[in-house]
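If you want the building blocks of each chain, they are given just below.
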Amino acid sequence: PVTASIYLWSHRDRLVISDVDGTITKSDVLGHMLPRVGIQWAQKGVPQLMTRIYSNNYRIIYLTARPIGQVDTTKSYLHKVTEEGVHLPPGPVITSPDGLFKSLNREVIQR
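Fair warning: this is a prediction, and the values are worked out from it, not measured in the lab.

A word on the sheet that holds strand β2 (residues 58-67)
Next up, step 1: Spatially, three strands are ordered β1-β2-β5 in an open sheet, and the strand pairing comes out parallel. The sheet terminates laterally at β1 (14-19) and β5 (93-96), the two strands that pair on one side only. The average angle at which neighbouring strand axes cross in this sheet is 25°, direction not considered.
Next up, step 2: Pairing of β1 with β2 involves six bridges; the strand directions are parallel. Bridged to Ile 17 within β2 is Ile 61.
Next up, step 3: Helix α2 (residues 46-55) rests against β1 and β2 of the sheet, and its axis sits at about 135° to β2.
Next up, step 4: With respect to the sheet, helix α3 (residues 71-80) is in contact with β2 and β5, its orientation differing from that of β5 by roughly 140°.

Notes on the nonpolar core
When a protein is soluble and globular, its nonpolar side chains tend to lie buried together.
Next up, step 1: One finds Ile 24, Met 50, Tyr 62, Leu 78 and Leu 88 to be the most contacted residues of the largest nonpolar core, which totals 13 residues.
Next up, step 2: Among the secondary structure elements, those contributing two or more residues to this core are α2, β2 and α3.
Next up, step 3: The biggest single contributor to this core is α3, with three residues.
Next up, step 4: Residues within four places of Leu 88 in sequence aside, it is in contact with Ile 24, Val 46, Pro 47, Met 50, Tyr 62, Leu 78 and Val 81.

Looking at a nonpolar patch on the surface
Next up, step 1: A surface patch of nonpolar side chains, about 360 Å² in accessible area, is lined by Leu 15, Ile 17, Leu 63 and Ile 94.
Next up, step 2: Looking at the secondary structure, you find Leu 15 in strand β1.
Next up, step 3: With relative accessibility at 45%, the residue Leu 15 sits in the partly exposed group.

A word on the layout of surface pockets
The gaps left among the atoms become clear once a water-sized probe is rolled over them.
Next up, step 1: The calculated volume of the largest pocket comes to roughly 380 Å³.
Next up, step 2: Along the wall of the largest pocket there are 18 residues; nearest its centre are Ser 5, Tyr 7, Lys 75, Gly 91 and Val 93.
Next up, step 3: Broken down by element, the residue count for the lining of the largest pocket peaks at five residues, all from α3.
Next up, step 4: Counted by class, the lining of the largest pocket contains twelve nonpolar, four polar and two charged residues.

Rules and cut-offs
Residues numbered from 1 in each chain as written. Predicted model: local features only at pLDDT ≥ 70, side-chain atom pairs only at ≥ 80, totals over all residues. Heavy atoms only, no water. Pairing = 2+ DSSP bridges. Helix = DSSP H or I, 4+ residues; strand = E, 2+ residues; numbered from the N terminus. Axes fitted to C-alpha atoms, helices over the stretch in contact; angles between N-to-C directions. Contact = heavy atoms within 4.5 Å. Core = buried A, V, L, I, M, F, W, Y, C linked by side-chain atoms within 4.5 Å. Buried < 20%, exposed > 50% of the residue type's maximum accessible area, 1.4 Å probe, protein only. Patch = residues over 30% accessible without salt bridge, like charges linked within 9 Å, V, L, I, M, F, W, Y side chains within 5 Å. Areas by Shrake-Rupley, 256 points an atom, 1.4 Å probe, with all protein chains shown as cover. Salt bridge = Lys/Arg side-chain N within 4 Å of Asp/Glu carboxyl O. 1 Å grid on protein atoms, 1.4 Å probe; cavity = no way out; pocket = protein on both sides within 12 Å on 5 of 7 lines; lining within 4 Å. Points joined across faces, edges and corners; volume = space filled by probe spheres on them. Nonpolar A, V, L, I, M, F, W, Y, C, P; charged D, E, K, R; others polar.

Here it is as structure tokens:
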């Protein structure tokens, strides 16, 4: 089945764009891998910070260099990030249009 979310915002809405890898996660590469084996690899305090921002009427956009083929995994990861019962607020996830190998090359090798 195909699922989708639509975010309908006003042109007056205030936005915060947050990088996922190395900002929400503790590091770029391990942030990709460790959540797949059940290890939460988020920075301490991120859910509380993002929730405070959201509660002040900001809309959140999550930005990642992960390939578009990992969008479902990335959304699932963001949904599971929790600390002291606080979750990340909802928001669209914008990924790289590149495939896995091109994205890994750019984010791991070329850096």
